[in-house]
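Report on the structure
So you can see what is in the structure, the chains are spelled out below.
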Amino acid sequence: MEKILVIDDEKPTLMMFRLTLAALGHEVFTAENGQQGLEVFNRERPSIVLTDIKMPGMNGIEVLKRIKAVDPAVQVIVITGHGDMDLAIQALNLDAADFLNKPIQRHLLEQALKRALERRHLAGEQGWEMVLEPAESAAVIVIQGNITAKAEGRFQAVYQEAVALNKPRIVLHFKENATINGAGIAVLTQLLLDSQKQGRQLVVAELSENLKKVFEIVGLSKIVPLADSLEKAIAPA
Amino acid sequence: MFLYSIKIMNPIQTNCGLPKRTAAKGNTCFRDRSRQLPLWIKFGAYFVSVLCFLSIPAGCNSTDESAAPEAVSSGVTAQEILLGSSLALKGHASFLGTQTFRGAMSYLNHVNEQGGVHGRAIKLVAYDDSYDPPMCMANTQKLIIDDQVFALFCYVGTPTTVKVLPMIEEARIPLLGMFTGANALREPFNRYLVNVRASYYQETGAAVRHLVDDLGLHKIAVFYQYDAYGFDGLTGTELALRRFNLAPVAGGSYNRGTLDVQEGLNKIMASGAEAVVMIGTYDPCAKFIRLAHEKGFRPVFYLVSFVGADELARRLENQQGITVIMSQVVPPPDRHDPSSLLTGEVGYVTLLQRYFPEDQPNFVGFEGFINARVLVEGLNRAGASLTRETFINAIESIRDLSLGLDINIAFSASDHQGLDRVYFTRLENGQFSLIKDWADIRAQLNAMR
Amino acid sequence: MQRDVIRGAAKRFRDISLKNKIFFSIIAVILVISAIIAVLARWILVDNLISELELRGIAIARTIAERSSGFILDKNYPELLSLIFDEAKLKERQHLVSYIFVSDREDQVLSHTLMRPFTESLRLANRVPPDEAKSVRLFRLGEQMAYDIAIPVTQGIYRIGTVHVGLNKDHIDQLVAKLRTTFLGFLSLVVVIIFVITHRLAKYITRPIFKLTQISEELSKGNFDVKLDAEQVSKGGQPQECPAFANPDATCRHLDGNLAAAGAGDGAAETDPVCRDCQFYRRQRGDEVAQLADAFYNMIWGIRLYRRRLRESEKKYRSLFDSGPDPIFVINHQSFDIIDANPRAVEVYGYSREELIGKPFMELAPEHTHEYFQSLQGQGESHGLVTYPKALHYKKGHKPFYVNLHASNTTYKGQPAIVLASTDITEMIEKDAQLIQASKMKSLGEMSAGIAHELNQPLNAIKMGSDFLGMMVEANRGIPPADLQQVVAEMSAQVDRAAEIINTLRSFGRKAELVMERVDINKPIQAVFTLVGRQFELDNIRLELALTPGVGAIMAHDNRLQQVFFNLVTNARDAINEKRERRAGSPAGKILVRTYQEDGQVVAEVQDDGIGICEAVRDKIFEPFFSTKESSIDMGLGLAIIYGIVKDYGGAISLKTREGEGTTFKLSFAGV
């Protein structure tokens, strides 16, 4: 039971959100435009904000910035249309928690909400985590939370640990709640390129759909093979 | 009309006649001049037509009055031929006229006695004109119009005969036998005038020749009667002298019918003439010679025949020391010179004796006689159909009639002068006798100088 | 009858040759003059001669009278005879004087010069009346006529006789005849001379004329190679030597001088060259006949030059006509029937040449041709060119195609006509259409993001609604009826919304029909609004419509008009965006689209408050491929296409702009 704010200029959409979120047991506040959304946010201080990006007047990015300025810990999920991945990445860079594509799938909505809540808990800490879990034939790095530039150091360290294990393969296991922003992607990319130079095999496993999309957009999916499950990633090819 | 007809003869083609399509290139359908008559033909035709046009009226003018020849002339009848004469039967030249007449009549009478000519008797009507031209004219007119003579015969004298020439020409009447050598009767040629005697020109010409060549005389003067006769002689003399590049040194004259010779004589004497050609009548000439002799002027005197030899001789009977030469156109009728012409049966002397016994034969009468002889010859030859024209033609047919004494009568269509000879006589012993030798005279003259 | 004869004669006179005319005329004149002179001369002469004669006769008679008085008194008739004979026969007088006779008081003849018996009638024929001094009478003497002039012989006051002098009139007659002969002879001579002269003269005149006539005949047959005379052959050269002849475009001052003076007057005539020693044009020299020959020759040369030019020009134009790449027709000036067509026309229109000739041109081009040609007729002789673009023509088999038609007045075979050239522009039009289509596609491309977005909204609403319903059913929870109602209604409405967008899109994307239709101008504007309205909102641009209902319809294509307004509002949005970029913090932009009627026209306006158009580019904006934006974004065809489409519908487009403040595009069309 959380306070959720939904900002969208489409009235029918707002109505659907309201009904659905209410049916999920949350307290729903709606706003028809950015300005109004900020007002409601300041007033109600919801823990999760869903905002449409493309809106007349103040758009979703602007709303995200303002909200994050007020409360960086708020989980803002941006809602995009098809083909607005640029905007999604932009939002992620601005520390948006997640993004959803219209038309919204219910299970995706629920997942996003769940991950948002999980992250809220992690938000008190650094907000992310990387752990090395060696397996039989691969070194598995488990990644959770919001991977940002701050994670760079840890990433390198864990990576070196994985290399030291000398397993035939290194698997990067992204947990459900893992998100990555631009900086994080840059680090990752660098890492992947280094490992390719060194001739190490790297596999990324269990990327969430969204992240998969992100990877595809940034071109990472060309550099590193993606595996749907951990087992497949570990299993020798 | 003529001209127009000419134009019609040359039709001018306005259409070349070729159909337009077949006309060859360059041969267009307008006047083709080669088709027309050549220029000169057209031109000539025109000219000729014009000339004809002109000559038609011109020809009409000359109407001949007496174009039609007469069948029978006036003066001729079946029995008789009537002749007419006007001559000096009276007056100062009466000798010439009378003797001419009687000489002719002698023969004519004889002929008539013999039956005439072709059965026609010849009758001669003579009027006296006293050597006066007007009278001669009146006589001649009378003879022609009133008497209607067939021909005129035996005229005497230059002024008289010359005066009636117009009449003769208008009447177209023959005149035969003129006792004058006038040039006017010979030139211009007149068909109706039949001269028998030689001309004065011939006389003076021969005389001058003798004077200059035979006698060696160059200073020759001329004494002449102041009338046509005298001038004629003068002209003849001048012409003759010119042939010798000479001219008369002097000229003296006297008026016809007068004896005023003094002035002329003075002139001639003053010129110092060696010879004097004298053309006049016997009286004045005789006086001239006598006076000259008296004055001691002793030229050679030459006289033309007309002067009258016998009468002159008579008047100079007693003159001595004069050289008088006279030219004659007939030889001297010397009875002693045997010739039938003179002494024959039909001789002059014989017949004169018969019909005019009181007359002596003389040059003048002899000449008349010869005239008659010629006349009868002509009448004979003319035949029975006697017209003036046939008579003239008959005369012209006499080519060589010898009468005797070297007298040859010759005529032709262009020669109406019967005799051409000139005889020279000299006064000796009161008689004129033929000069046989001029050298003698010359010698005598030289002796006299 | 007489008049006919006269007329016939006059006609014949006219027909005879010049030479004969001259000749006859002159002859006639001479004859008339001569006749007059002759008559005058004769009259004067004869009268005077007669009086002269009289006087002479009188003189002779008087002389005789004086000299004879003595003889008469003395009755010296021989002397009298001699006297009168002398007088009568004195040399030349003998021809003049016929006779003279003198009579006495009782008129008895004293003396006479006749050589025949005196005629009695003569004696009394002319008696002098007692008081008269003379008496003159003309009478017949035998076969002659003679004047008898009688003068009395007086002694003191007494008359003692009369002298009659008969003068031969024949003398006068002969004189007159001689005169006449001389005169006529002279006349003949004159006639001959005149004949020769006129012959020569006429020949001189007629020979060249004859020659010129011959040459004219040759010319009329088209043969221009005539030689006038030997002189020309030696002087003139081969035609090719003349520069104007060899090159038909070169001008010859001699030939073109007049033309320039008459018409062109462009100063070219002054500078046209004249050969220093023109071999072909001759100066006029000599008398009239020679001048005529020269002028004639010049004319011939001019004609040759001209013909050559004409032939060359004809060749040139004939080849243009035959080989023209476009169909060319020559049509009758009044009936618009086809007189001639070039091979390309046969090719393009599919008819054979025989079929084309005589066909009315309207059959090939039924629409609009009538007014078009009338406008051409109004131009008269001018060589104005009239162009009719995008005319619809039909090939054989009633196959339509588009042409640009050009026409101008001309003369064809001496008659006024119109020459037309039709250029097939079907391909061009298709390309145009393709271009529009491409632009449309680009627009669509541009719109696609927005469209996707637009479609996404209803889809999202439907998805979420159906998911909600599914969720509630799965959880077996009851749905409050009000919510259920709301959800269901909304879902249905959103489906409709999506369908509308899709339809609009489809119609936008459609290729235009060939034939125009009546279009309510508000419709395409609304469609555009449907497509892009919301997008503009997202851009914070307000798209406002102020459409007058029933403002009017125009003959156009609906989706093309959509294209037009789409391009206009897109440009307006771009202008507003640019203004925002340049000046940060600008207020939300506004695009206002209005429709209204004005002076019977249907007008649509698109107004924005964007950056405006600067003066420099104002004239260029309608140019194709010109754009104020970066080239990769915009091809620069938008306004050009709009311009083209507006013009196609016979409308006008204008703009008002203020730099930095905004632009208004105004389109006006004729209403139907």
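Description of the structure in this document.

Parameters and conventions
Residues numbered from 1 in each chain as written. Chains lettered and ligands numbered in written order. Predicted model: local features only at pLDDT ≥ 70, side-chain atom pairs only at ≥ 80, totals over all residues. Heavy atoms only, no water. Helix = DSSP H or I, 4+ residues; strand = E, 2+ residues; numbered from the N terminus. Buried < 20%, exposed > 50% of the residue type's maximum accessible area, 1.4 Å probe, protein only. Contact = heavy atoms within 4.5 Å. Areas by Shrake-Rupley, 256 points an atom, 1.4 Å probe, with all protein chains shown as cover. Buried area = accessible area lost by both parts, 1.4 Å probe. Salt bridge = Lys/Arg side-chain N within 4 Å of Asp/Glu carboxyl O. Polar contact = N/O pair within 3.5 Å; in protein donor to acceptor, adjacent residues only side chain to side chain. Nonpolar A, V, L, I, M, F, W, Y, C, P; charged D, E, K, R; others polar. Pairing = 2+ DSSP bridges. Axes fitted to C-alpha atoms, helices over the stretch in contact; angles between N-to-C directions. 1 Å grid on protein atoms, 1.4 Å probe; cavity = no way out; pocket = protein on both sides within 12 Å on 5 of 7 lines; lining within 4 Å. Points joined across faces, edges and corners; volume = space filled by probe spheres on them. Patch = residues over 30% accessible without salt bridge, like charges linked within 9 Å, V, L, I, M, F, W, Y side chains within 5 Å. Lys, Arg positive; Asp, Glu negative; His and termini not counted. Charge placed at Lys NZ, Arg CZ, Asp CG, Glu CD. Core = buried A, V, L, I, M, F, W, Y, C linked by side-chain atoms within 4.5 Å. Parallel < 35°, antiparallel > 145°, perpendicular 65-115°, else oblique. Left-handed = near helix turned anticlockwise from the far one by under 90°.

Regarding its fold elements, chain A presents 10 helices and 11 strands. Looking at chain A as a whole, 56% of its 237 residues are labelled buried. Pairs at least 24 residues apart make up 65% of the contacts formed inside chain A by residues separated by at least 6 positions.

Another point: the overall build of chain C. The helix and strand inventory of chain C stands at 20 helices and 17 strands. Within chain C, the proportion of its 672 residues that are buried is 44%. In chain C, the share of contacts with a sequence separation of at least 24, taken over all contacts with a separation of at least 6, comes to 60%. For chain C, the accessible area works out to roughly 35,900 Å², and carbon and sulfur atoms hold 55% of it.

The accessible area lost on association of the parts is a frequent measure of interface size. Facing the 26 residues of chain C at the interface are 26 residues of chain A. Overall, the association of chain C and chain A removes approximately 2,300 Å² of surface from exposure, summing both partners, and the carbon and sulfur fraction of that is 58%. Contact with chain A buries area across many residues of chain C, yet C:Asn456, C:Met464 and C:Met471 alone supply 25% of it, more than any other trio. Between A:Glu10 and C:Arg497 there is a salt bridge; the shortest N-O distance is 2.8 Å. Across the chain C-chain A interface, the total number found is 8 residue pairs in polar contact (both at pLDDT 80 or more). Those elements that provide at least two residues to the side of chain C that touches chain A are helix H15 (426-474), helix H16 (481-509) and helix H17 (522-538) of chain C. Looking at the side of chain C that touches chain A element by element, the count peaks at 14 residues for H15(C). For the side of chain C that touches chain A, the class distribution of residues is 9 nonpolar, 8 polar and 9 charged.

With that out of the way, let us pick up the pairing of strand E1 (residues 97-104) of chain C. Sheet faces and side chains relate simply in a regular strand, where the side chains alternate between the two faces. All names here are of chain C. Of all 8 residues in E1, 8 are buried, a share of seventy percent or more. In the sheet, E1 pairs with strand E2 (residues 109-112) via 3 bridges, with the strands oriented antiparallel. Within the sheet, the bridge partner assigned to Val-102 lies in E2 and is Ser-111.

With that settled, the discussion passes to the pairing of strand E7 (residues 138-147) of chain A. All names here are of chain A. Within E7, 9 of the 10 residues are buried, leaving the element largely enclosed by the surrounding structure. Where E7 meets strand E8 (residues 169-174), 6 bridges bridge the pair, whose relative direction is parallel. Paired with Val-140 across the two strands is Val-171, which belongs to E8. Alignment of E7 against strand E9 (residues 179-180), held across 2 bridges, turns out to be parallel. Paired with Ile-147 across the strands is Ile-180, a residue of E9.

Glancing now at the sheet that holds strand E5 (residues 158-168) of chain C. Residues and elements named next belong to chain C. With antiparallel pairing, the 5 strands of this open sheet are ordered in space as E2-E1-E5-E4-E3. Only two strands of the sheet have a single partner each, and these edge strands are E2 and strand E3 (135-141). Across the sheet, the axes of successive neighbouring strands diverge by a mean angle of 25 degrees, strand direction being ignored. Bridge count for strand E4 (residues 144-155) against E5 is 10 bridges, and the pairing is antiparallel. For Ala-150, the partnering residue across the bridge sits in E5 and is His-164. Where helix H6 (residues 169-220) meets the sheet, its contacts fall on E3, E4 and E5, and the angle it forms with E4 comes to roughly 130 degrees.

Right, let's talk about the sheet that holds strand E2 (residues 27-31) of chain A for a bit. All names here are of chain A. In spatial order, the strands read E2-E1-E3-E4-E5; together these 5 strands make up an open sheet with parallel pairing. With partners counted over all chains shown, the strands left at the sheet margins are E2 and strand E5 (98-101), one partner each. Across the sheet, the mean angle separating the axes of adjacent strands is 20 degrees when strand polarity is ignored. In this sheet, E2 lies alongside strand E1 (residues 3-7) in parallel orientation, the contact comprising 5 bridges. Residue pairing for E2: Lys-3 is matched across the bridge by Glu-27.

Residue and element names in this part refer to chain A. Inspection of the entire model under this criterion finds 4 cavities of 30 Å³ or more. Here the largest cavity is characterised by a volume of approximately 60 Å³. Forming the walls of the largest cavity are Leu-92, Ala-97, Asp-98, Phe-99, Arg-115, Ala-178, Thr-179, Ser-208, Asn-210, Leu-211 and Val-214. Top element by residues in the lining of the largest cavity is helix H8 (residues 209-218). It accounts for 3 residues. Here the lining of the largest cavity is composed, by residue class, of 6 nonpolar, 3 polar and 2 charged.

What follows covers a positive patch on the surface. All names here are of chain C. Where like charges cluster on the molecular surface, the positive patch consists of Arg-200, Lys-203, Arg-207 and Lys-211. Mapped onto the fold, Lys-203 is located in helix H6. The class of Lys-203 is partly exposed, set by a relative accessible area of 32%.

Moving on to a nonpolar patch on the surface. Residues and elements named next belong to chain C. Taken together, the side chains of Val-32, Ile-36, Leu-40, Trp-43 and Ile-44 define a hydrophobic patch exposed on the protein surface, amounting to about 510 Å² of accessible area. Along the polypeptide, Trp-43 turns up in helix H2 (residues 18-74). A residue is classified by how much of its surface remains accessible, and Trp-43, at 55% relative accessible area, is exposed.

Among the surface-exposed residues, C:Glu615, C:Asp619, C:Glu623 and C:Glu659 lie close enough to one another that they form a single negatively charged patch. With respect to the helices, strands and loops of the structure, C:Glu623 is situated in the loop between helix H19 (615-618) and helix H20 (638-648).

Let's shift gears to the environment of C:Ile37. All names here are of chain C. With respect to the helices and strands, the residue Ile-37 is situated in helix H2. The class for Ile-37 is partly exposed, based on a relative accessible area of 41%. For the pair Ile-37 and Phe-183, spaced 146 residues apart in the sequence, the C-alpha separation amounts to 9.7 Å. Not counting residues within four places of it along the chain, the set of residues in contact with Ile-37 comprises Arg-42 and Phe-183.

Formed by 174 residues in total, the largest nonpolar core has its most connected members in B:Phe153, B:Leu303, B:Leu312, B:Val324 and B:Ile409. Looking at this core, the element that brings in the most residues is helix H14 (residues 363-382) of chain B, giving 11 residues.

Residue and element names in this part refer to chain B. Note on placement: Phe-153 falls in strand E3 (residues 151-156). Put simply, Phe-153 and Ser-86 are 67 residues apart on the chain and 8.1 Å apart in space, counted from C-alpha to C-alpha. Excluding residues that lie within four positions of it along the chain, Phe-153 makes contacts with Leu-83, Gly-84, Ser-85, Ala-104, Leu-108, Leu-124, Leu-175, Leu-176, Gly-177, Asn-371, Ala-372 and Leu-375.

Quick look at the packing of H15(C) against H16(C) now. Residues and elements named next belong to chain C. Running from N to C, H15 and H16 point in directions that differ by 165 degrees, and their axes come no closer than 9 Å. Relative to H16, H15 is oriented roughly antiparallel. For the crossing formed where H15 meets H16, the hand is left-handed.

Backbone torsion omega between A:Lys102 and A:Pro103 reads -10 degrees, so that peptide bond is classified as cis. Here A:Pro103 shows up in the loop between E5 and helix H5 (106-122). With an omega dihedral of 0 degrees, the bond running from B:Glu187 to B:Pro188 counts as a cis peptide bond. The residue B:Pro188 is located in the loop between strand E4 (175-179) and strand E5 (193-194) in this model. In this structure, B:Cys154 is a non-glycine residue whose phi angle is positive, near 55 degrees.

Moving on, we get to the side chain of B:Ser199. All names here are of chain B. Tracing the sequence through the fold places Ser-199 in the loop between E5 and helix H7 (200-214). Overall, Ser-199 belongs to the buried group, its relative accessible area being 5%. Apart from the residues lying within four places of it in its own chain, the contact partners of Ser-199 are Gly-181, Arg-186 and Gln-417.

Let us look at the environment of B:Arg102. All names here are of chain B. Within the secondary structure, Arg-102 sits in helix H3 (residues 94-113). In the structure, Arg-102 is positioned 264 residues away from Phe-366 in sequence and 9.3 Å away in space, judged by C-alpha atoms. The residues touching Arg-102, leaving out its near neighbours within four places in the chain, are Leu-352, Phe-356, Glu-358 and Asp-359.

Moving on to the side chain of A:Asp52. Along the chain, the position of A:Asp52 falls in strand E3 (residues 48-52). At a separation of 3.4 Å, a polar atom in the side chain of A:Asp52 contacts the side chain of A:Lys102. Here A:Asp52 is in contact with A:Ile7, A:Asp8, A:Asp9, A:Gly60, A:Ile79, A:Lys102 and C:Gln457, once residues within four sequence places are set aside.

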